[in-house]
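Analysis of the macromolecular model
Listed below, chain by chain, are the residues.
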Amino acid sequence: MNCGSRHQRALEGPSPSPARRVVHSVCLALLVMLLFFLGGCSPLSMVNTIAPDDGFVLDGAIGYGPLERQKLDVYYPEVRTPQKPVLVFFYGGSWLRGDRQKYRFVGQALSSRGYVTVIPDYRLYPEVQFPVFIEDGAASVAWVKDNIAESANGIVLIGHSAGAHLAALLALDNRYLEQEGISERTISGMIGLAGPYAFEPENFRRFRAIFATAHPPEISRPITYARGDAPPLLLLHGTDDNVVLPLHSQLLQERVDDQNGRVTRLELEDVDHFDIVLGLSEPFTHLAPGVLPSLERFIREQT
């Protein structure tokens, strides 16, 4: 990978025609609505229902700590590839909600491509405040290093939304991993999907209490720790994201560039905040066709 930055405003990989995309989206939407009314399940559970359920062997509900929210699921490829790194995926949910089991579609998509994939839970507000959920993330990474042989090839952190904030802090503020006895050289890279890297929670009443323990507030912002010797970053953001604005990825990229770090930023046309993670699920890759090809290429370049 080039040590400089590459800013592209494009979709990576083939894109279906607008008409085909609309038809596909309508059909899937109708199927999702049918499943919802028949089963009363959550939207993510419905995605799991539609997504393939092969290509992996699941080892679930493993404790990486003694508490109920300190559990993780491991998705092993049916045919393991010893030379590939381990992927650790942190889901989003505004630091208020989330459940690893609802992201089976992510575990399936990544493990079916040959990667051991780990999806941890972490503690949430109001049970905890910052930085406890970041510390839980670090503890889950420590478990991966100690228990999965492929981690010797490196660990790639992946996160969506609040999970991208968590992954970015682990990659950039090395104190969290050092507290778990992990060298940052263990981290091969970080892939962020629509992350709030320059987020100022003190300006939002909904999030103020979650980060009230951040003194000064800057310590909760990944851009504070941008540095030239950090692991390589891949920052993906949809141009239609109005939940976490693409400006967050731009600001982090610029800050890492200023430090001569390794960062790639891709803006995905016509992709919103939720499309970008649904693009990891095979039935919905058309919603964000750039995500999986970009992710796999970045991982290959780091290992």
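Structural notes, computed from the coordinates. (Residues numbered from 1 in each chain as written. Predicted model: local features only at pLDDT ≥ 70, side-chain atom pairs only at ≥ 80, totals over all residues. Heavy atoms only, no water.)

Turning to the overall build of the protein chain, a few remarks are in order. Counting its secondary structure elements, the protein chain contains 10 helices and 9 strands. Expressed as a percentage of its 303 residues, the buried residues of the protein chain come to 54%. For the protein chain, the proportion of contacts with a sequence separation of at least 24, taken over those separated by at least 6, is 77%. When the accessible surface of the protein chain is split by element, carbon and sulfur atoms take 53% of a total near 12600 Å². (Helix = DSSP H or I, 4+ residues; strand = E, 2+ residues; numbered from the N terminus. Buried < 20%, exposed > 50% of the residue type's maximum accessible area, 1.4 Å probe, protein only. Contact = heavy atoms within 4.5 Å. Areas by Shrake-Rupley, 256 points an atom, 1.4 Å probe, with all protein chains shown as cover.)

We now examine the packing of helix α4 (residues 132–147) against helix α5 (residues 162–172). The contact between α4 and α5 brings their axes to 10 Å, and the two run at 70°. In terms of axis orientation, α4 runs roughly perpendicular to α5. For the pair α4 and α5, the sense of crossing is right-handed. Between α4 and α5, the contacting residues are Phe133, Ile134, Gly137, Ala138 and Val141 on the first element and His165, Leu166, Leu169 and Leu170 on the second. Split into classes, the residues belonging to the contact of α4 with α5 amount to 7 nonpolar, 2 polar and no charged. (Axes fitted to C-alpha atoms, helices over the stretch in contact; angles between N-to-C directions. Parallel < 35°, antiparallel > 145°, perpendicular 65-115°, else oblique. Left-handed = near helix turned anticlockwise from the far one by under 90°. Nonpolar A, V, L, I, M, F, W, Y, C, P; charged D, E, K, R; others polar.)

Attention now moves to helix α10 (residues 291–302). Helix length check: α10 (12 residues) gives 17 Å between terminal C-alpha atoms against 16 Å at 1.5 Å per residue, within 8%. Where α10 is concerned, the buried positions are Val291, Leu292, Ser294, Leu295, Glu296, Phe298, Ile299 and Gln302. (Expected span 1.5 Å × (residues − 1).)

On the surface, Leu245, Leu247 and Leu251 cluster together to form a nonpolar patch covering roughly 250 Å² of accessible area. Tracing the chain through its elements places Leu245 in the loop between β8 (233–238) and α8 (247–258). (Patch = residues over 30% accessible without salt bridge, like charges linked within 9 Å, V, L, I, M, F, W, Y side chains within 5 Å. Salt bridge = Lys/Arg side-chain N within 4 Å of Asp/Glu carboxyl O.)

Applying the stated rule across the entire model yields 14 aromatic pairs. Between Phe89 and Tyr103, the aromatic rings sit 5.8 Å apart at their centres with planes inclined by 45°, giving tilted as the arrangement. Residue Phe89 is located in strand β4 (residues 86–90), and its partner Tyr103 is located in the loop between β4 and α3 (104–111); the two are separated by 14 residues in the primary sequence. There is no split in this pair, since Phe89 and Tyr103 are both buried. (Phe/Tyr/Trp six-rings, centres within 6.5 Å; stacked < 30°, edge-to-face > 60°.)

To continue, consider the nonpolar core. By size, the foremost hydrophobic cluster in this structure holds 92 residues, and its most contacted members are Leu157 and Leu170. When residues of this core are assigned to their parent elements, the largest contribution, 9 residues, is made by α5. The contacts of Leu157, once residues within four sequence positions are left out, are Val88, Phe90, Val141, Ala167, Leu170, Ala171, Ile187, Gly189, Met190 and Ile191. (Core = buried A, V, L, I, M, F, W, Y, C linked by side-chain atoms within 4.5 Å.)

Further remarks concern the pattern of salt bridges. Tallying each qualifying case throughout the model produces 14 salt bridges. Arg80 serves as the salt-bridge partner of Glu150, at 2.8 Å between the closest nitrogen and oxygen. One end of the pair, Glu150, is in the loop between α4 and β6 (155–160); the other, Arg80, is in the loop between β3 (71–77) and β4, with 70 residues separating them in the sequence. Taking relative accessible area as the criterion, Glu150 reaches 7% and is therefore assigned buried. Owing to a relative accessible area of 41%, Arg80 belongs among the partly exposed residues under this scheme. Note that Glu202 is salt-bridged to Arg221, the shortest N-O span being 2.2 Å. Of this pair, Glu202 sits in the loop between β7 (187–193) and α7 (205–208) while Arg221 sits in the loop between α7 and β8, placing them 19 residues apart in sequence. Its relative accessible area of 32% is what places Glu202 among the partly exposed residues.

Of all 11 residues making up α5, 11 are buried, and the element is well covered by its neighbours. Restricting attention to buried positions, one finds in α5 the residues Ala162, Gly163, Ala164, His165, Leu166, Ala167, Ala168, Leu169, Leu170, Ala171 and Leu172.

This part covers the environment of Ala164. For Ala164, the position within the fold is in helix α5. The buried category is assigned to Ala164, whose relative accessible area is 0%. Remark: the alpha-carbon pair of Ala164 and Met190, spanning 26 residues in sequence, is separated by 8.7 Å. For Ala164, the residues in contact, after removing those within four places along its chain, are Gly159, Gly192, Leu193, Gly195 and Tyr197.

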